[in-house]
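Spelled out from the first residue to the last, the chains are:
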Amino acid sequence: MAKNSRQKVRDDALRYGANQVGNIVSRNVQVGSDASMRGMDVFLKKAAQLRNVDYEQSKGNLFEYIEAAKLNTALGNKGSRAQVQVTDAKKSWGGPGEPHAPDDFRIIEGDTVILRGQAKVNNDPNRTARMITDKKYHGMQRIVARDKYEEVKAALERQYQNGEISQATYEDTMSNLVRETTHPSGVGSGGTTTSELKKAHGNPEAYATRLKAQQYGREIVQTGANMAVANMIITGVSTSVLNLCEVYQDRKELSVALKEIGVTTAKAGGRGLATGSLSSVLRIFGKEKSIPFLADSAVAVTMAGALIDCGVALRAYSKGELSGEETVTELQNTAIKSVATIYLTKSIELAVGAANPFLPMAIYTLASYAVTTTREIIKNAKLNAEEYERMEKLYLEASQQMKDYRQILQRQMEQYVAEQGVMLDELLDVFQVNLTEGGNYDLAIHNLVDCANRYGIALQHVDFPEFQQAMLTEGDFVLR
C-alpha cells in the first residue's frame, strides 16, 4: 500500500472513531432533545383538547404539561434517566391516565415514584396560597408561575401571621414552594411565567416549535463542539506521535513537525465541528419525520461525515487538486462505504425484501451527491473558466448517471411490487375462502400473521388473549 493510501486509511479511521466518540459524549443532549420532542407532542395533544376552552380555564392544564416537558428535557441534558409524568396524561399518550389524582405530576426513577407535585397558577396570589395549603397536598412540591412566586410567598406569610393556617401547614407549604418544577438532585425546569402561558394558549403550535428549537439549537452546538474536541484530541495525539517519531529518527525538523501538528489538529477540529453540527440536524430531522435509521445518531454522524467528505473532494477537483480518476475514487470510497452500506441499503432492504439493491443504490447515491454538491459549488463558489468547465462536465456526467440508475432502481421496484402482488393475492384467496365459507379459521389467521411477518409488520393483537387484555384495560382502545 502506498504511503498516501496508508495515510488516507489512517486518517479515515481516526476521523470515524473521533466522530463516534464525540457522538457518544453528546448522548445526554440528544436524550434532552428527544424528551423535548415527546413533551411538546403530548402538550399539543392536550392543547387540542382545550382548543375551545378560554385561557382562564385551561391555563392550569397547560402549565402542568409545559413544566413536565421542560423538566424532562433538563433531566435528559444532565444525564438523568428520571421521568416526569403528568397524572392527567392519557395512557395512550404514555401517561398514567389519572386526571383526578391529588398530585398533578410524578417524578419516577425506574418503577419508583420519588416525588409528587401540585402545580397551581392563578391571577390572585392570595387564592393560590390558600389552594396550595390544602392538607391533601401535604409533602408534595408546590409549583407556581415563576413571576407569581414572590407574591404567593408573601401571601402565605400573611395567612400564617393572621392565624389562617397552622404552623405545621405553613412550614410544609413554604419548604415545598418552588418557582420551577425541581428534581431532588436540584435539576429544575426553569419555570414558566404567566405571559408565557398566554402565548402557549394563543398559539400552541408556535410555542411548541419555539421550545423545541431552543433545545435543538443546544444539541447542534454542543454536539459540534464535542465532535470538534474529540477530533482535535484524537488526531492531535496521533499526529504528534507520528511527527515526533520522524523528528527522533532525524527525518524531520522539530519546528516543521510542530507546525504540521498544529495545522492538522486545527483542521480536524473544524471538520469535527461541521460534522457534529450537521449530524445533529440530520438526527433531529429523522426523529421528527420518523425515519428510523436517520434518527439513529451513529448513522446520522456517518452520513454527515460522508456529505462533508464528498463536498471536500468535489471542491478539490474544481481547483485541480484532484484528477478525475482520483475524485471518482474518493467519492466512491466515501459514498459507498460510509452511507450506502450503513444507511441506504438497510432502508431499501426493508422496502424491497430479498432483492439486492446495493450496487445500483450505491451508484445512484454517489451520482446524486455529485449532482447536488457540484451544483452548489457552481452557484456559490467563485470559479475561473477552467474550474467552471471542469465542474460543468462533472455535473452533466453525474446527472446522466443518476437518471440511468434511477431507471434501474425503478425496474427493481416494479419487479418487487409485482412479486408482492402475487403473494397478496394468494393471501386474500386463502383468507377469504376460509373465513367467509366457514373453512379453517386458524389457517386464515395463520396466513394473515405469516403475511405480516414477511412484510416486516408487527400485528397489534396477534391472538385473542392479547386483544381481550387490551379491551379490558382502562383508557382509550386505539386500533392501529
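Residues numbered from 1 in each chain as written. Predicted model: local features only at pLDDT ≥ 70, side-chain atom pairs only at ≥ 80, totals over all residues. Heavy atoms only, no water.

Draft legend 1. Layout of the packing of aromatic side chains. Evaluated as defined, the whole model comprises three aromatic pairs. Geometrically, the ring pair formed by Y65 and W93 is edge-to-face, given 6.4 Å between the ring centres and 65° between the ring planes. Placement of Y65 in helix α3 (residues 55–77) and of W93 in the loop between β1 (83–86) and β2 (105–109) is noted, with a sequence separation of 28 residues between them. Neither Y65 nor W93 differs from the other in exposure class; each is buried. Consider the rings of Y160 and Y170, whose centres lie 4.4 Å apart with planes at 10°: the pair is stacked. With Y160 in helix α5 (residues 149–161) and Y170 in helix α6 (residues 167–176), the pair connects residues that are ten residues apart, well separated along the chain. Assessed through its relative accessible area of 13%, Y170 is described here as buried. (Phe/Tyr/Trp six-rings, centres within 6.5 Å; stacked < 30°, edge-to-face > 60°. Helix = DSSP H or I, 4+ residues; strand = E, 2+ residues; numbered from the N terminus. Buried < 20%, exposed > 50% of the residue type's maximum accessible area, 1.4 Å probe, protein only.)

Draft legend 2. How the structure looks around the pattern of salt bridges. Under the counting rule described, the total for this entry stands at 14 salt bridges. With its nearest N and O atoms 3.0 Å apart, the salt bridge here joins R51 to E205. On the criterion of sequence distance, the pair formed by R51 in the loop between α2 (27–49) and α3 and E205 in helix α8 (residues 204–248) is long-range, its members being 154 residues apart. K70 serves as the salt-bridge partner of E196, at 2.7 Å between the closest nitrogen and oxygen. (Salt bridge = Lys/Arg side-chain N within 4 Å of Asp/Glu carboxyl O.)

Draft legend 3. Broad picture of the side chain of S26. Within the secondary structure layout, S26 lies in the loop between α1 (3–25) and α2. Relative accessible area serves as the criterion here: at 0%, S26 is assigned to the buried category. Setting aside residues up to four positions removed in sequence, S26 forms contacts with Q222, T223 and N226. (Contact = heavy atoms within 4.5 Å.)

Draft legend 4. Spotlight on α6. Buried residues of α6: Y170, D172, T173, M174 and N176, and no others. Packed against the buried residues of α6 are α4 (125–132), β4 (141–144), α5 and β5 (177–178).

Draft legend 5. Up close: the packing of α3 against helix α7 (residues 194–202). With their axes 9 Å apart at the nearest point, α3 and α7 run at an angle of 100° to one another. Of the possible angle classes, the one that applies to α3 and α7 is roughly perpendicular. Note on element contacts: α7 touches α3 through T194, E196, L197, K198, A200 and H201, opposite Y55, S58, K59, L62, F63, I66 and K70. The residue inventory of the contact of α3 with α7, partitioned by class, reads six nonpolar, three polar and four charged. (Axes fitted to C-alpha atoms, helices over the stretch in contact; angles between N-to-C directions. Parallel < 35°, antiparallel > 145°, perpendicular 65-115°, else oblique. Nonpolar A, V, L, I, M, F, W, Y, C, P; charged D, E, K, R; others polar.)

Draft legend 6. Quick look at the nonpolar core. Among the nonpolar cores identified, the biggest contains 34 residues, and M40, F43, Y65, V84, I107, L197 and Y207 are the most heavily contacted of them. Put simply, the parts of the chain that give this core at least two residues each are α2, α3, β1, β2, β3 (112–120), α7 and α8. In terms of residues, this core owes the most to one element, α3, which gives ten residues. Here V84 is in contact with A68, L71, N72, L75, F105, R106 and I107, once residues within four sequence places are set aside. Residues A129, I132, V144 and L156 belong to the second largest nonpolar core, which totals eleven residues. (Core = buried A, V, L, I, M, F, W, Y, C linked by side-chain atoms within 4.5 Å.)

Draft legend 7. Inspection of the sheet that holds β3 at higher detail. Reading across the sheet, the five strands line up as β1-β2-β3-β4-β5 and stay open at both edges, with mixed pairing between neighbours. Of all the strands in the sheet, just β1 and β5 have a single pairing partner and so form its edges. The pairing of β1 with β2 spans four bridges and is classified as antiparallel. Looking across to β2, one finds that Q83 is bridged to I108. (Pairing = 2+ DSSP bridges.)

Draft legend 8. Representation of the side chain of E196 within the structure. Summarising the element assignment, E196 is placed in helix α7. On the accessibility criterion, E196 (13% relative accessible area) is buried. Once residues within four sequence positions are removed from consideration, E196 is found in contact with K70, G191, Y207 and R210.

Draft legend 9. Broad picture of the confidence of the model for the chain. Here the chain averages 77 in pLDDT, and 59% of its residues register 70 or above. Predicted confidence in the chain is weakest over helix α12 (residues 324–352), with a mean pLDDT of 54, and strongest over β4, with 98. Between residues 343–359, whose pLDDT stays under 50, and residues either more than four places distant or in other chains, the model counts 25 contacts. (pLDDT = per-residue confidence, 0-100.)

Draft legend 10. Representation of the pairing of β3 in the model. Examined bridge by bridge, β2 and β3 share five bridges and lie antiparallel to one another. Counted as the bridge partner of I108 is V113 from β3. Hairpin remark: β2 followed by β3, antiparallel, with two residues in the connecting loop; positive phi at G110, about 70°. As defined by bridge partners, β3 adjoins β4 across four bridges and the pair is classed as parallel. Bridging across to β4, Q118 finds its partner in R142.

Draft legend 11. Quick look at the environment of L156. Among the structural elements, L156 can be located in helix α5. When the C-alpha positions of L156 and Y170 are compared, they lie 7.2 Å apart, and in sequence the two are 14 residues distant. Sequence-distant contacts of L156, that is, excluding residues within four places in its chain, are made with A129, I132, T133, I165, Y170, T173, M174 and L177.

Draft legend 12. The arrangement of the environment of R51 in detail. Remark: the alpha-carbon pair of R51 and P204, spanning 153 residues in sequence, is separated by 9.3 Å. Polar contacts involving the side chain of R51 include one to the side chain of E205, which spans 3.0 Å. (Polar contact = N/O pair within 3.5 Å; in protein donor to acceptor, adjacent residues only side chain to side chain.)

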